[in-house]
Amino acid sequence: MNISITLPDGSVLKKQAGATPAEVAAQIGAGLARDAVAARVDDVLVDLNLPLEQDCELSIITIDTPEGLQIMRHSAAHVMACAVGRLYEGVKFGIGPAITDGFYYDFDLPEAISADDLERIEDEMARIASEEAPFAREELPTEQASELMRENGQSYKVELIEEIEERVVSFYHTAGFVDLCRGPHIPHTGKLGALKLLSVAGAYWRGDEKNAQLQRIYGTAFATEDQLQEHIRRLEEAEKRDHRKLGRELDLFSFDEEIGRGLVLWHPRGAIVREVIEDYWKKLHRKRGYEPVFTPHIASEKVYLRSGHIPKYEDMMYAPLLIDEEAYRVRPMNCPAHIKIFQTGIRSYRDLPIRYAELGTVYRYEMSGALRGLLRVRGFTQDDAHIFCTPGQIVDEVEGVLDLTEEILGVFGLNYKFYLSTRPEVSLESASDEEWQRATEALRQALEARDLPYEVDEGAGAFYAPKIDVVPFDSLGREWEQGPTIQVDLNLPKRFDVTYVGEDGKEHECIILHRAILGSLERFMGEIIEHFAGWFPVWLAPEQARILPITDDQLPYAQEALRRLEGEGVRASVDDRNETVSYKIRSGTMQKVPYLLIVGAREVERGTVSVRSHENGDEGPVEVEAFVARITEEIKTKALPAEL
RNA sequence: GCUAGUGUAGCUCAACGGUAGAGCAGCGGUUUUGUAAACCGCAGGUUAGGGGUUCGAUUCCCCUCACUAGCUCCA
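Residues numbered from 1 in each chain as written. Chains lettered and ligands numbered in written order. Predicted model: local features only at pLDDT ≥ 70, side-chain atom pairs only at ≥ 80, totals over all residues. Heavy atoms only, no water.

Of all hydrophobic cores here, the largest spans 68 residues; its most connected members are Ile277, Phe412, Ile468 and Leu540. In terms of residue count, helix 13 (residues 394-411) provides more of this core than any other element does, 9 residues in total. Every residue in contact with Phe412, bar those within four places of it in the chain, is listed here: Ile277, Tyr280, Phe524, Ile528, His531, Phe532, Trp539, Leu540 and Leu640. Ile63, Ile71, Met72 and Ala194 belong to the second-largest nonpolar core, a separate cluster that totals 42 residues. (Core = buried A, V, L, I, M, F, W, Y, C linked by side-chain atoms within 4.5 Å. Buried < 20%, exposed > 50% of the residue type's maximum accessible area, 1.4 Å probe, protein only. Helix = DSSP H or I, 4+ residues; strand = E, 2+ residues; numbered from the N terminus. Contact = heavy atoms within 4.5 Å.)

Written out as structure tokens, the structure reads:
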């Protein structure tokens, strides 16, 4: 019997029933056959050796596509598991999926795998690859599969099988290793690309800390050795940019054991960057109709009981302080205080919207293992604001925040994506479905009114609010863990009875929007240090220009130039150390000062400075005034580096 | 918090049972220098902290503290 196979280009191939995708690929071309890893038949991913029994649409998936790479990485995970099974006794296998940039596999085994063992495992994987062992699919009734795994002592697999609803499950056999797996896989182990095992770490079975902790080995794999090397280079680049390393090298911030974990000490050079950002933020917010407020860092427990923070987040809050026999808490949030300011007067609909903004420092208990440089700390400053408005004003207000968000992220040269995060499964009950719905729709409308592409992140909202989450990604294309957020609070207006007097002279429940754009100043600083690789744009650089006199004879001239720059508000210095210019250049470069101004006898004579910029290197002499004009312009416009 | 790993001078690293060492940075001197490291010298350490084993511990063992990776990405 013949079947018709429709290819992606629309052409139709007649084949005998039982032909495989591999044969089709071979018929189309040797190159395709070589790069093929799997096939898509009528929208289902299948192995290349699956016999085709009826008319179908078929496309060959090659290693150079994202899907093909994914499949190969998944196969790599199997091969790694196979290698571990050969090298260790008593291994129980967890799961082993492909992930962004690689794969992992979780193992339960009696002995601890160390980083040194990875090489051994890699070698074993290479051996398996050279065996060109086929990935053979086998389908078994669920019962029988479960029995088989039980016999092999694979309790995790048994657990997985028992949760599968289908009556038949599939297995893959590779070089003596059998694994429960949906597939598809590469045809044989010789088709593995270039791979490298990266690290080993603990991981709870099914991500639940109540379960056993398994050993997870992470690896990365690419179609070619070049691509693998390129990826390793990217990892090294990321390591070079690590904000913790740069924070030390550039003398921006530190942590101190005696001060406490997760508590940042901002050094002068880091503090100035933060202050410049804060000044920019404050000016921008006033321009946008926000009113600055200041509120205390501790407050009576009463307010956090009423707000619901204690019932919900107590394990993230610090223990009470007893003051005059009353329990106080270090603040984990700024909202209650802003609400209290709002409530000091009767608010009319005519007063709304009211926008209170504060760079509010809050303290939260983060699990010790979660702390990470500036990205996860226990004391941090939120660029927090609360917008009090009428239901009719929500869309406008959210649009305003979106606009502000785009402006701010743009200034830092960040790209971003929008997510509409909807009601989570466990969520506030005191708000009706209709209220959730309305709030979510308002956010959606705002996104659409501004024509912003967004994805819906189902169930990712806060328990008290649907929200718009903005995920920035940096110059290395890495997504930030957290970014700007806009939330419609369905909780606090009720709990604090926040109202305004409407046109009808009656009291109405107020809408409260929470929003943070930089999020935590600490995290934001950490992220942009990495984004800029420590080379801050001139307006942010702790030291914007450094004058390097060649000999002491130029010192007076250098001082004069310095006064000129400082007079314009430029952060500059003179390197008057008894060193060679080369030394001073090196030192200025390592401290990532964007402009180095060399002054020797020639410059003094002509009233110039020789500019050496980070961007262009030696640019030659320009008149002092011309340089002052240039740098002040760059500062004023917040110019970004040409290349990030 | 859990699993694994790491902790030696300000920084980057040696020494791995036998008196703790180098480079850079710092300080003092010489040199007055033209686009990424001049030369000479000096100083810098309860080897994270505590306990143990040992004739002797940075090294081996235990505890504490801190740091690092991971613990979400659905066989």
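Following the criterion strictly, the structure yields 49 salt bridges and no others. Residues Glu406 and Arg450 are paired through a salt bridge, measuring 3.8 Å at the closest nitrogen-oxygen approach. One end of the pair, Glu406, is in helix 13; the other, Arg450, is in the loop between helix 14 (433-449) and strand 23 (454-457), and 44 residues separate them in sequence. The class of Glu406 is partly exposed, set by a relative accessible area of 22%. Shared partners join several salt bridges into a network, and the residues in it are Arg288, Asp403, Glu406, Glu407 and Arg450. (Salt bridge = Lys/Arg side-chain N within 4 Å of Asp/Glu carboxyl O.)

Let us now look at the pairing of strand 22 (residues 415-421). Here strand 22 runs beside strand 24 (residues 467-473); their pairing, made up of 7 bridges, is antiparallel. Among the inter-strand pairings, Phe418 is bridged to a residue of strand 24, identified as Val470. Where strand 22 meets strand 23, 4 bridges bridge the pair, whose relative direction is parallel. Considered in strand 23, the bridge of Phe418 is made with Tyr454. You can see the chain leave strand 22, run along helix 14 and come back into strand 23, and the turn it takes is right-handed. (Pairing = 2+ DSSP bridges. Right-handed = clockwise from strand over helix to strand, strands pointing away.)

The sheet built from 5 strands is open, its strands ordered 2-1-5-3-4 with mixed pairing. The open sheet has two edge strands, strand 2 (12-16) and strand 4 (44-46), and neither has a second partner. Pairwise comparison of adjacent strand axes, ignoring direction, gives a mean angle of 35° for this sheet. Strand direction decides the pairing type here: strand 3 (residues 36-41) and strand 5 (residues 56-62), joined by 5 bridges, are antiparallel. Residue pairing in the sheet places Arg40 in a bridge with Ser59 of strand 5. (Axes fitted to C-alpha atoms, helices over the stretch in contact; angles between N-to-C directions.)

Where helix 5 (residues 142-151) meets helix 6 (residues 155-163), the axes come as close as 8 Å, and the angle between the chain directions of the two elements is 170°. Compared by their axis directions, helix 5 and helix 6 come out roughly antiparallel. The two elements helix 5 and helix 6 meet at a crossing, and its hand is left-handed. Here Thr142, Ala145, Ser146, Met149 and Arg150 of helix 5 come into contact with helix 6, specifically with Lys157, Val158, Ile161 and Glu162. (Parallel < 35°, antiparallel > 145°, perpendicular 65-115°, else oblique. Left-handed = near helix turned anticlockwise from the far one by under 90°.)

Bringing the confidence of the model for chain A into the picture now. Averaged over every residue, the pLDDT of chain A is 92; residues scoring 70 or more account for 100%. As scored by the predictor, the complex reaches a pTM of 0.92 and an ipTM of 0.92. (pLDDT = per-residue confidence, 0-100.)

Let's shift gears to helix 4 (residues 117-130). In this model, helix 4 (14 residues) spans 20 Å end to end at C-alpha, consistent with the 20 Å of a helix rising 1.5 Å per residue. Where helix 4 is concerned, the buried positions are Asp117, Leu118, Ile121, Glu124, Met125, Ile128 and Ala129. Down the axis of helix 4, the buried side of the element spans an arc of 145°, and every buried residue falls inside it. Residues of helix 4 that are exposed and angled more than 90 degrees away from the buried face: Glu119 and Ser130. For helix 4, the elements touching its buried residues are helix 3 (66-87), strand 8 (102-108), strand 12 (194-204) and strand 13 (213-222). Following helix 4 by one or two positions, Glu132 has its phi on the positive side, about 50°. (Expected span 1.5 Å × (residues − 1). Arc of directions from axis to C-beta.)

In this section: the protein's contact with RNA strand B. What surrounds RNA strand B is a group of 52 residues, the closest being Gln213, Ser368, Asn578, Arg586 and Glu603. The protein-proximal atoms of RNA strand B, defined as those within 4 Å of the protein, are 53% sugar or phosphate. In this structure, a base oxygen belonging to RNA strand B sits 2.9 Å away from a main-chain N or O atom of Ala601. One of the side-chain nitrogen or oxygen atoms of Ser610 is found 3.4 Å away from a base oxygen of RNA strand B. Elements with a contribution of two residues or more to the surface near RNA strand B: strand 7 (98-99), strand 12, strand 13, helix 8 (243-249), helix 18 (581-590), helix 19 (601-606) and strand 32 (608-613). Among the residues forming the surface near RNA strand B, the class breakdown is 23 nonpolar, 13 polar and 16 charged. (Near = heavy atom within 4 Å. Polar contact = N/O pair within 3.5 Å; in protein donor to acceptor, adjacent residues only side chain to side chain. Nonpolar A, V, L, I, M, F, W, Y, C, P; charged D, E, K, R; others polar.)

Considering all chains together, one arrives at 0 disulfides under this definition. Cysteine Cys181 shares no disulfide, and the gap to the nearest cysteine sulfur, in Cys82, comes to 14 Å. Not engaged in a disulfide, the cysteine Cys510 finds its nearest cysteine sulfur in Cys389; these two sulfurs lie 6.6 Å apart. (Disulfide = S-S within 2.5 Å.)

Another point: the packing of helix 3 against helix 4. Packing of helix 3 against helix 4 leaves a shortest axis separation of 9 Å and a crossing angle of 110°. Judged by the angle between their axes, helix 3 and helix 4 are roughly perpendicular. Remark: the crossing between helix 3 and helix 4 carries right-handed chirality. Residues Ala76, Val79, Met80, Cys82, Ala83, Val84, Arg86 and Leu87 of helix 3 pack against Arg120, Ile121, Glu124, Met125 and Ile128 of helix 4. The residue inventory of the contact of helix 3 with helix 4, partitioned by class, reads 10 nonpolar, no polar and 3 charged.

Glancing now at a nonpolar patch on the surface. Judged by side-chain polarity, Ile298, Leu321 and Ile323 come together as a nonpolar surface patch covering roughly 200 Å² of accessible area. As for its position among the elements, Ile323 is in strand 18 (residues 321-323). (Patch = residues over 30% accessible without salt bridge, like charges linked within 9 Å, V, L, I, M, F, W, Y side chains within 5 Å. Areas by Shrake-Rupley, 256 points an atom, 1.4 Å probe, with all protein chains shown as cover.)

Turning our attention to the environment of Asp101. Structurally, Asp101 is set in the loop between strand 7 and strand 8. Accessibility expressed as a relative area gives 35% for Asp101, which makes it partly exposed. Through-space distance from the C-alpha of Asp101 to that of Leu69 is 9.2 Å; in sequence the pair is 32 residues apart. With sequence-adjacent residues up to four places away left out, Asp101 is seen in contact with Arg73, Gly219, Thr220, Ala221, Phe222 and His231.

A separate point is the sheet that holds strand 10 (residues 168-174). Across the sheet, 3 strands lie side by side as 9-10-11; this open sheet has antiparallel pairing. Both outer strands of the open sheet, strand 9 (136-141) and strand 11 (177-180), are each paired with one neighbouring strand and no more. Strand after strand, the sheet turns through a mean of 30° between neighbouring axes, direction not considered. Here 4 bridges tie strand 10 to strand 11, and the two strands are oriented antiparallel to one another. Residue pairing across strands places Tyr172 opposite Asp179, the latter belonging to strand 11.

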